[in-house]
Amino acid sequence: MARSLTTFAHMLDQEIRKRRTFGIISHPDAGKTTLTEKLLLFGGAIQTAGAVKSNKITKAATSDFMEIEKQRGISVATSVMGFEYQGYKINILDTPGHKDFAEDTYRTLTAVDSVILVIDCVKGVEEQTRKLMEVCRMRNTPVIIFINKLDREGQDPYDLLEEVEKELSIHTRPLSWPIGIGEKFQGVYNLFDKKLLLFSNSKTKKASDVLTILDLNDKQLDEQVGEKAAKQLREDAELIEGVFEPFDEDLYRDGYLAPVFFGSAINNFGVQDLLDTFVRIAPFPRSRVTDTREVKPDEKPFSGFIFKIHANLDPNHRDRIAFCRVVSGTFERNKFYQHTRLDKKLRFANPNMFMANEKSVVDEAFPGDVVGLYDTGNFKIGDTLTEGENMQFQGIPSFSPEIFKELINKDPFKAKQMEKGIRQLTDEGVAQLFTQELGSIKIIGTVGELQFEVIQFRLLQEYGAACSFHPVAYSKACWITSEDKAALDNFIRMKSRFICYDKENRPVFMADTLRNLKSVQDYYPAISFHFTSEFKTDQALIGQAAYGK
Ligand code: G4P
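Summarised in this report is the structure supplied together with it. Each residue is numbered by its place in its chain's sequence as written, counting from 1. In keeping with the predicted nature of the model, local features appear solely for residues at pLDDT of at least 70, side-chain atom pairs appear and are counted solely at 80 or more, and the whole-chain, interface and lining totals rest on all residues. Heavy atoms throughout the structure, all of them, feed into the side-chain values; hydrogens and water do not.

Looking at the overall build of the protein
Reasoning step 1: Along its length, the protein carries 15 helices and 31 strands.
Reasoning step 2: Restricting to contacts in the protein with at least 6 residues of sequence separation, those with at least 24 account for 72%.
Reasoning step 3: Residue-level accessible areas treat just the shown protein chains as cover; the underlying method is Shrake-Rupley with a 1.4 Å probe. A total of about 24100 Å² of accessible surface is found on the protein, and carbon and sulfur atoms cover 51% of it. Runs of H or I in DSSP of at least four residues are treated as helices and runs of E of at least two as strands, each being numbered from the N terminus. Two residues form a contact once any of their heavy atoms are found within 4.5 Å.

Laid out in structure tokens, this is it:
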């Protein structure tokens, strides 16, 4: 039945406001999988702990790429975990834990509206935490921090906050505060709702079973945690209220201020508190920028972009699943949409949506939702679908890879298969391809060693093309541009040995060492060197760094 325009606008607005699409990020082992599972448990999406398969690549399997691919296969089902909670529709976008798949994570972050960052209170800020936060800052993604494992002897909470502020360049505001830590951990005081949650070492109970005390001056506090801890908590609460500005939701939504929660995911502690505050303050789907204009979520025509492509591991089917984040309007099954890069109309008969760890065919989806589209090779990361408007969503860059190897075709009769295979794998975002003009040398750039094994294996299995890799002495690839065309041409001529072209035929400078890159940058001031393929994003990053956020 056709909906009237006003009813449609109202319905769309309601659907947008109830959606919370976010990612959980952490350095491996901080507790991302555990927290995800507990959130699903509270959301009623799963009934028992242990139901979510970890997509974390186990330490024992780090050298076994077959195992990794298998685990990645499993993770299709957990790519998006949707559930309803207190009238909200929550979509958790899963991110791989293994650092060699960091680029998958970066790209997934382009499709979320906010993130929850998990930090281990024993280890504090770690390498991946830093990198992931840099990506969040590129888009001013709002961040909530969950400091986990309070049941362990961790660092002092004040020191942790200081470390977070310093290392991640973000202001923090604790919304809960721990009472003791490790052996002495007794619970957290929720500074936002002014209530006390007492810790019970329970892996099965929900936090709602835990005693709640509404007033910090209540004598019950002394009875429950002892006079000493109660006194300490009162002092801490006073200090926090004195030192930190009151929590400002707008600053959080603009990505300047990260509210902080403390808890213990494995013990179900502090998780419901986190979730309840999250649904209240986290942003609903926002506008997104295209190359021509900004698209608002409540615009009637559908638009969306592809942020992830997952190969089907069944060798009999070349199908892939492309994950499309809906940006505006309503996505409908069986309706023709415009693939703007290919200028082609496409229709999807079996779009999938994901609820908890199950997928099912859906008839419609709204901004903030992610639909899985079966693809036979039409999509690459960053592609845009619209109802006809010619535009391309921005902000889905390729990042400068760090490991480079020359691709060697071992069977000259399979050159075509090799070409096709490598094109498709790079469309999927497994790696990046750079071609050196001199001699058409193909260089594969990745963020992790494992990708080379994955490429070699998949080229052979799926395309029948045998390949090997030769190491090359590059350590960074930078896209180069200049306002002065003659200067750029001259640079390309002078540095021809180090010039490659990416798949869009854009020139890329391959630096052998970071030191040399620096001296080349100094020597050629007219040339701009970009560390992501999307230069506007790059500029935004530089701009923010200068702003000193
Ligand atoms: P990740 O996805 O971020 O990599 O971390 P994951 O949730 O897999 O957690 C990493 C380890 O930390 C797991 O232990 C998990 O049980 C433990 N963990 C998570 N939250 C807490 C917490 O609040 N307190 C404590 N003490 N530990 C926590 P594991 O031994 O590696 O695995 P498992 O045998 O327990 O599954």
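The discussion continues.
Here's the deal with the nonpolar core
Reasoning step 1: To form a nonpolar core, buried Ala, Val, Leu, Ile, Met, Phe, Trp, Tyr and Cys residues must be joined to one another through side-chain atoms within 4.5 Å. Working definition: with a 1.4 Å probe on protein chains only, accessible area under 20% of the residue-type maximum means buried, over 50% means exposed, and in between means partly exposed. By size, the foremost hydrophobic cluster in this structure holds 81 residues, and its most contacted members are Ile-145, Ile-147, Phe-331, Val-371, Leu-373 and Phe-379.
Reasoning step 2: Of all the elements, strand S15 (residues 320-328) adds the most residues to this core, at six residues.
Reasoning step 3: Note that the domain bounds reflect an automated or database-derived domain assignment. When residues of this core are assigned to domains, at least three fall in each of domain 1 (19-281) and domain 2 (288-386).
Reasoning step 4: Setting aside its immediate chain neighbours within four residues, Ile-147 contacts Ile-119, Cys-121, Leu-160, Leu-161, Val-260, Phe-261, Phe-262 and Gly-263.
Reasoning step 5: One finds Tyr-85, Phe-146, Phe-247 and Val-279 within the second-largest nonpolar core, a separate group that totals 30 residues.

Comments concerning the sheet that holds strand S29 (residues 499-501)
Reasoning step 1: On the basis of which strands lie adjacent, the open sheet formed by eight strands has the order S27-S24-S26-S25-S29-S30-S28-S31 and antiparallel pairing. Edge positions in the sheet fall to strand S27 (467-471) and strand S31 (528-530), since each has one partner strand and no second. Strand-to-strand twist across the sheet, computed as the mean angle between neighbouring axes with direction ignored, equals 40°.
Reasoning step 2: In this analysis, strands are considered paired if DSSP registers two or more bridges between them. Pairing of strand S24 (residues 403-409) with S27 involves five bridges; the strand directions are antiparallel. Counterpart to Leu-407 in the pairing with S27 is Phe-469.
Reasoning step 3: Helix H11 (residues 415-428) rests against S24, strand S25 (432-436), strand S26 (441-446) and S27 of the sheet, and its axis sits at about 155° to S24.
Reasoning step 4: Only the contacting stretch of a helix is used when fitting its axis, a line to C-alpha atoms as for every element, and angles between N-to-C directions run 0 to 180 degrees. Lying on the sheet, helix H13 (residues 485-494) is in contact with strand S28 (476-481), S29, strand S30 (507-511) and S31; it crosses S28 at an angle near 150°.

Comments concerning helix H5 (residues 127-138)
Reasoning step 1: By this rule, a helix spans an expected 1.5 Å times one less than how many residues it contains. Across its twelve residues, H5 extends 17 Å between first and last C-alpha, which sits within 8% of the 16 Å expected from 1.5 Å per residue.
Reasoning step 2: Of all the residues in H5, the buried ones are Gln-128, Thr-129, Leu-132, Met-133, Val-135, Cys-136, Arg-137 and Met-138.
Reasoning step 3: Residue Asn-140 follows H5 closely and has a positive phi angle near 50°.

Observations regarding unusual backbone geometry
Negative phi values dominate among residues other than glycine, just as trans dominates among peptide bonds.
Reasoning step 1: Notably, Gln-86 is not glycine yet its phi reads approximately 45°, a positive angle.
Reasoning step 2: Within the fold, Gln-86 resides in the loop between strand S2 (80-85) and strand S3 (88-93).
Reasoning step 3: Assessed through its relative accessible area of 53%, Gln-86 is described here as exposed.
Reasoning step 4: Positive phi, close to 65°, is recorded for Asn-505, a residue that is not glycine.
Reasoning step 5: Tracing the backbone shows Asn-505 in the loop between S29 and S30.

Quick notes on the environment of Ala-230
Reasoning step 1: Looking at the secondary structure, you find Ala-230 in helix H8 (residues 227-243).
Reasoning step 2: Each C-alpha atom of the pair Ala-230 and Gln-220 lies 9.5 Å from the other, and the pair is ten residues apart in sequence.
Reasoning step 3: Ignoring anything within four residues of it in the chain, the contact list for Ala-230 reads Leu-221, Asp-222 and Val-225.

Notes on helix H1 (residues 5-17)
Reasoning step 1: When the terminal C-alpha atoms of H1 are compared, their 18 Å separation across 13 residues agrees well with the 18 Å that a helix rising 1.5 Å per residue should span.
Reasoning step 2: Listed in full, the buried residues belonging to H1 are Phe-8, Met-11, Leu-12, Glu-15 and Ile-16. The arc that holds the buried residues of H1, viewed along the axis, is 135°, so those residues lie on one side. Exposed residues on H1 whose side chains face more than 90 degrees from its buried face are Thr-6 and His-10.
Reasoning step 3: Buried residues in H1 make contact with strand S1 (19-26). What the arc measures is the spread of directions leading from the helix axis to the C-beta atoms.

Some points on the site of the ligand
Reasoning step 1: Any residue with at least one heavy atom within 4 Å of a molecule or strand is counted as near it. Taken together, 17 residues lie around the ligand, and Asp-29, Lys-32, Thr-33, Thr-34 and Ser-264 are the ones closest in.
Reasoning step 2: By the criterion applied in these results, polar contacts are pairs of N or O atoms within 3.5 Å in which, for protein atoms, one can donate a hydrogen and the other can accept it, and in which residues neighboring in sequence qualify only through two side-chain atoms. Separating an oxygen atom of the ligand from a side-chain N or O atom of Ser-26 is a distance of 3.2 Å.
Reasoning step 3: The contact in question runs from an oxygen atom of the ligand to an N or O atom on the backbone of Asp-29, over 2.6 Å.
Reasoning step 4: Within the complex, the protein chains bury 68% of what would otherwise be the 710 Å² of accessible surface of the ligand.
Reasoning step 5: Residue polarity follows a fixed list, in which Ala, Val, Leu, Ile, Met, Phe, Trp, Tyr, Cys and Pro are nonpolar, Asp, Glu, Lys and Arg are charged, and the others, Gly among them, are polar. Of the residues belonging to the shell around the ligand, the class tally is four nonpolar, seven polar and six charged.

Overview of the packing of aromatic side chains
Note on aromatic pairs: each is described by the distance of the centres and the angle between the planes.
Reasoning step 1: Two rings from Phe, Tyr or Trp (for Trp, the six-membered ring) form a pair when their centres sit within 6.5 Å of each other. Planes less than 30 degrees apart are called stacked, planes more than 60 degrees apart edge-to-face, and all others tilted. Inspection of the entire model under this criterion finds 23 aromatic pairs.
Reasoning step 2: Their ring planes at 20° and their centres at 6.2 Å tell us that Phe-348 and Phe-379 sit as a pair that is stacked. Note that Phe-348 is positioned in the loop between strand S18 (344-347) and strand S19 (352-355) and Phe-379 in the loop between strand S22 (370-375) and strand S23 (384-386), a separation of 31 residues in sequence. Each member of the pair, Phe-348 as well as Phe-379, carries the same accessibility label: buried.
Reasoning step 3: One aromatic cluster is present, built from ring pairs that chain together Phe-491, Phe-498, Phe-509, Tyr-523, Tyr-524 and Phe-529.
Reasoning step 4: In this analysis the charged atom, NZ for Lys or CZ for Arg, is taken to sit over a ring once it is within 6 Å of the ring centre and within 35 degrees of the ring normal. The ring centre of Phe-8 lies 5.3 Å from the NZ or CZ of Lys-300, which sits over that ring.
Reasoning step 5: One cation-aromatic arrangement involves Lys-405 over Phe-452; the distance from NZ or CZ to the ring centre is 4.7 Å.

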